[in-house]
Amino acid sequence: MTMSEWRAQRNRQALARLTRALPEIFPGPVLTHALTRPFTPPMPRLAVDSYWRAHPIRADRLARSMAARSGAPNGWTWRLDCDRADGLASSFRAPPAPYREAKFSRGPGFCRVCGQPVYRLGWHVDLWGRGANRNAGWHTACVVAWRLWNAPSDHGAMLRRLQGRRCVETGRRLWKSAEVDHRVPLFRVWQEHRDTDWPALLAFWGFPNLQMINREVHAAKCADEASYRGRRRVEAQHL
Ligand SMILES: [Zn+2]
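None of these values were measured; they are calculated from a predicted model. (Residues numbered from 1 in each chain as written. Predicted model: local features only at pLDDT ≥ 70, side-chain atom pairs only at ≥ 80, totals over all residues. Heavy atoms only, no water.)

(A) A look at the packing of helix H3 (residues 44–54) against helix H4 (residues 56–70). The contact between H3 and H4 brings their axes to 5 Å, and the two run at 95°. Our classification of the angle between H3 and H4 gives roughly perpendicular. Judged by residue contacts, Tyr 51, Trp 52, Arg 53 and Ala 54 of H3 engage Pro 56, Arg 58, Ala 59 and Leu 62 from H4. Split by residue class, the contact of H3 with H4 holds 6 nonpolar, no polar and 2 charged. (Axes fitted to C-alpha atoms, helices over the stretch in contact; angles between N-to-C directions. Helix = DSSP H or I, 4+ residues; strand = E, 2+ residues; numbered from the N terminus. Parallel < 35°, antiparallel > 145°, perpendicular 65-115°, else oblique. Contact = heavy atoms within 4.5 Å. Nonpolar A, V, L, I, M, F, W, Y, C, P; charged D, E, K, R; others polar.)

What follows is the structure in structure tokens.
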């Protein structure tokens, strides 16, 4: 059996499984996406995962707009947990997520990233009129956004394409070794923007603050940032 025959057979079986398991109501764009994959996802849940993984920009935007609907819980501020005692993030590199903190969690059926109800298949709209799915704690879109915010370097290829393969800082062609960079570095977000409302803060982790730059430019930028941090430290000591 050739590779393409093997794939065609596998896809026929996957499509048959998907069709059997497909609920009567299913998001149209997700189904279209599933049917154009080189490998058809065999379950509705996997079709939803595959859709959001292929659309990280949309997932990032959706997660932040749903978080805006929730707003920050009363009494919450962005704090770091230096002794790792109360479950908060220990570094300013982690995106602030109030609904992941035990004190502010909304419980089963609500997303730990954005705080909104999670419906069937991890979807963000109740297409089925069945209310929140109490077994779910994340929207599928929010999982993809959360991964992007925590590991943006996995999205280098997409950023490279979005930038027309040019370095944003120099306008020169991006080398193979180019790196993903936060335009506003995260330590400055913590130092200078930490009072920004949540979830507006999250934009510093999302695509609006991400860029690909050539490695030597990145190294120079990091050196500038290190000297800036040094200056801030000296200033703080003289206050
Ligand atoms: Zn969510």
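(B) Structural view of the packing of aromatic side chains. Summed over all chains, the structure comprises 10 aromatic pairs. Ring geometry for Tyr 51 and Trp 52: centres 5.0 Å apart, planes at 80°, overall edge-to-face. As far as the burial class goes, Tyr 51 and Trp 52 line up, both buried. Residues Tyr 51 and Trp 123 carry aromatic rings whose centres are separated by 6.5 Å and whose planes lie at 50° to one another, so their mutual orientation is tilted. Taken together, the residues Tyr 51 in helix H3 and Trp 123 in the loop between H4 and helix H5 (140–150) connect sequence positions 72 residues apart. For the pair shown, Tyr 51 and Trp 123 are each scored as buried. Ring pairing ties together the aromatic residues Tyr 51, Trp 52 and Trp 123, which thus form one cluster. Between Arg 7 and the ring centre of Phe 39, over which it is positioned, the NZ or CZ distance is 5.8 Å. The lysine or arginine in question, Arg 194, covers the ring of Trp 190, its NZ or CZ lying 4.2 Å from the ring centre. (Phe/Tyr/Trp six-rings, centres within 6.5 Å; stacked < 30°, edge-to-face > 60°. Buried < 20%, exposed > 50% of the residue type's maximum accessible area, 1.4 Å probe, protein only. Lys NZ or Arg CZ within 6 Å of the ring centre and 35° of its normal.)

(C) Molecular detail of the coordination of the zinc ion. Within the protein, Cys 111 (SG), Cys 114 (SG), His 139 (ND1) and Cys 142 (SG) serve as the donor atoms for the zinc ion, at 2.1 to 2.4 Å. Because the angles between the 4 donor atoms bound to the zinc ion fall within 96 to 118°, the donor set is best described as tetrahedral. Counting gaps between the donor residues of the zinc ion yields the pattern C-x2-C-x24-H-x2-C. Here Cys 114, found in the loop between H4 and H5, pairs with Cys 142, found in helix H5; they are 28 residues apart in sequence, far enough to count as distant. You can call Cys 142 buried: its relative accessible area is 0%. (Donors = N, O, S within 2.8 Å, 3.2 Å for Na, K, Ca; no water. Tetrahedral: all angles 85-135°; square planar, octahedral: opposite > 155°, others 65-115°.)

(D) Examining the packing of helix H2 (residues 28–35) against H3 more closely. For the pair H2 and H3, interaxial distance at closest approach is 9 Å and the crossing angle is 90°. Considering the angle they form, H2 stands roughly perpendicular to H3. The segment H2 lies against H3, with Pro 29, Val 30, His 33 and Ala 34 engaging Ala 47, Val 48, Ser 50, Tyr 51 and Ala 54. Considering only residue class, the contact of H2 with H3 consists of 7 nonpolar, 2 polar and no charged.

(E) Structural detail: the pattern of salt bridges. Applying the stated criterion to the full structure yields 5 salt bridges. With a shortest N-O distance of 3.1 Å, Glu 179 and Arg 215 are connected by a salt bridge. With Glu 179 in strand E1 (residues 179–182) and Arg 215 in helix H8 (residues 215–237), this residue pair connects regions lying 36 residues apart in the sequence. On the basis of relative accessibility, which here comes to 26%, the residue Glu 179 falls in the partly exposed class. Its relative accessible area of 47% is what places Arg 215 among the partly exposed residues. A salt bridge links Arg 188 to Glu 192, with the nearest nitrogen and oxygen atoms 3.3 Å apart. Pair noted here: Arg 188 and Glu 192 are both in helix H7 (residues 186–192), with a separation of 4 residues, about one helical turn. On the accessibility criterion, Glu 192 (34% relative accessible area) is partly exposed. Shared partners join several salt bridges into a network, and the residues in it are Asp 181, Lys 221 and Glu 225. (Salt bridge = Lys/Arg side-chain N within 4 Å of Asp/Glu carboxyl O.)

(F) Seen up close, the environment of Gly 164. Relative to the elements of secondary structure, Gly 164 occurs in the loop between helix H6 (156–162) and E1. Separated by 122 residues in the primary sequence, Gly 164 and Pro 42 place their C-alpha atoms 35 Å from one another.

(G) Inspection of H5 at higher detail. Counting buried residues in H5 gives 8 out of 11 residues, a clear majority hidden from the surface. Buried within H5 we find Thr 140, Ala 141, Cys 142, Val 144, Ala 145, Trp 146, Leu 148 and Trp 149. The inward-facing, buried residues of H5 abut H3, H4 and strand E2 (210–213).

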